[in-house]
Amino acid sequence: MNKEPIRVLLVEDSAADARFVKELLDASDIIQYRLVHVDRLGKALETLSKDRYDIVLADLTLPDEQG
């Protein structure tokens, strides 16, 4: 059975934290995923308006967010 990968949008301004999340996802033999990474809330909103994602993982302290 060929399932479509889980579409993940990662909103993270720290490159190190983004790499860590990718490493965690890579460690799974069970799931297949397609990761898109953006570093600002504005970019995330633009990306979400153009495409569909199954999961959004968002940093709580982005430079362009207001709580």
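Quick note: structure is the one above.
Parameters at a glance
Counting restarts for each chain, with residues numbered from 1 along the sequence as it is written. Where local features are concerned, this predicted model is filtered to residues with pLDDT of at least 70; where side-chain atom pairs are given and counted, the filter is 80 or more; whole-chain, interface and lining totals use all residues. Excluded from the side-chain calculation are hydrogens and water; included are all heavy atoms of the structure. Numbering goes from the N terminus for both helices and strands, where a helix is a DSSP run of H or I of at least four residues and a strand is a run of E of at least two. Burial here depends on accessible area, computed with a 1.4 Å probe over protein chains only, as a share of the maximum for the residue type. Under 20% is buried, over 50% is exposed, and the range in between is partly exposed. The contact criterion used is simple: two residues touch if any of their non-hydrogen atoms lie within 4.5 Å. Only the protein chains shown count as covering a residue, and every accessible area follows the Shrake-Rupley method with a 1.4 Å probe. Any two strands between which DSSP finds at least two bridges are classified as paired. Seen with the strands pointing away from the viewer, any crossover whose path from the first strand over the helix to the second strand runs clockwise is right-handed. Stacked, tilted and edge-to-face are the three classes assigned to paired rings of Phe, Tyr and Trp, where Trp is represented by its six-membered ring and a pair needs centres within 6.5 Å; plane angles under 30 degrees give stacked, over 60 edge-to-face, the rest tilted. When the NZ atom of lysine or the CZ atom of arginine is within 6 Å of a ring's centre and also within 35 degrees of its normal, the charge is said to sit over that ring. Buried residues of nine kinds, namely Ala, Val, Leu, Ile, Met, Phe, Trp, Tyr and Cys, make up a nonpolar core once their side-chain atoms join them within 4.5 Å.

Concerning the overall build of the protein
- The number of helices and strands found in the protein is 2 helices and 3 strands.
- Going from the N terminus to the C terminus, the protein shows its helices and strands as β-α-β-α-β.
- Viewed in the frame of its principal axes, the protein has a C-alpha envelope of about 45 × 25 × 15 Å.
- The buried share among the 67 residues of the protein stands at 25%.
- Considering only contacts in the protein between residues 6 or more positions apart, those separated by 24 or more positions represent 73%.
- Surface exposure of the protein reaches about 5,100 Å², of which carbon and sulfur atoms provide 54%.

Re the pairing of strand E1 (residues 6–11)
- In terms of burial, E1 is largely enclosed, as 5 of its 6 residues are buried.
- One ladder, built from 6 bridges, connects E1 with strand E2 (residues 33–38); its direction is parallel. Its bridge partner lying in E2, Arg7 is registered against Arg34.
- Once you follow E1 into helix H1 (residues 15–26) and on to E2, the crossover reads as right-handed.
- Relative to strand E3 (residues 55–58), E1 runs parallel, the two being bridged by 4 bridges. From the neighbouring strand, Leu10 faces E3, where its bridge partner is Leu57.

Brief notes about the packing of aromatic side chains
- Under the counting rule described, the total for this entry stands at 0 aromatic pairs.
- Here the basic side chain of Arg7 rests over the ring of Tyr53, its NZ or CZ set 5.3 Å away from the ring centre.

Some details on the nonpolar core
- Membership of the largest hydrophobic core is limited to 7 residues, which are Leu9, Val11, Val36, Val38, Ala44, Tyr53 and Leu62.
- Counting residues per element, the ones that place at least two in this core are E1 and E2.
- Apart from residues lying up to four places away in sequence, Val36 is in contact with Val8, Leu9, Leu10, Thr47 and Tyr53.
- Formed by 6 residues, the second largest nonpolar core is a distinct cluster that contains Val8, Leu10, Val21 and Tyr33.

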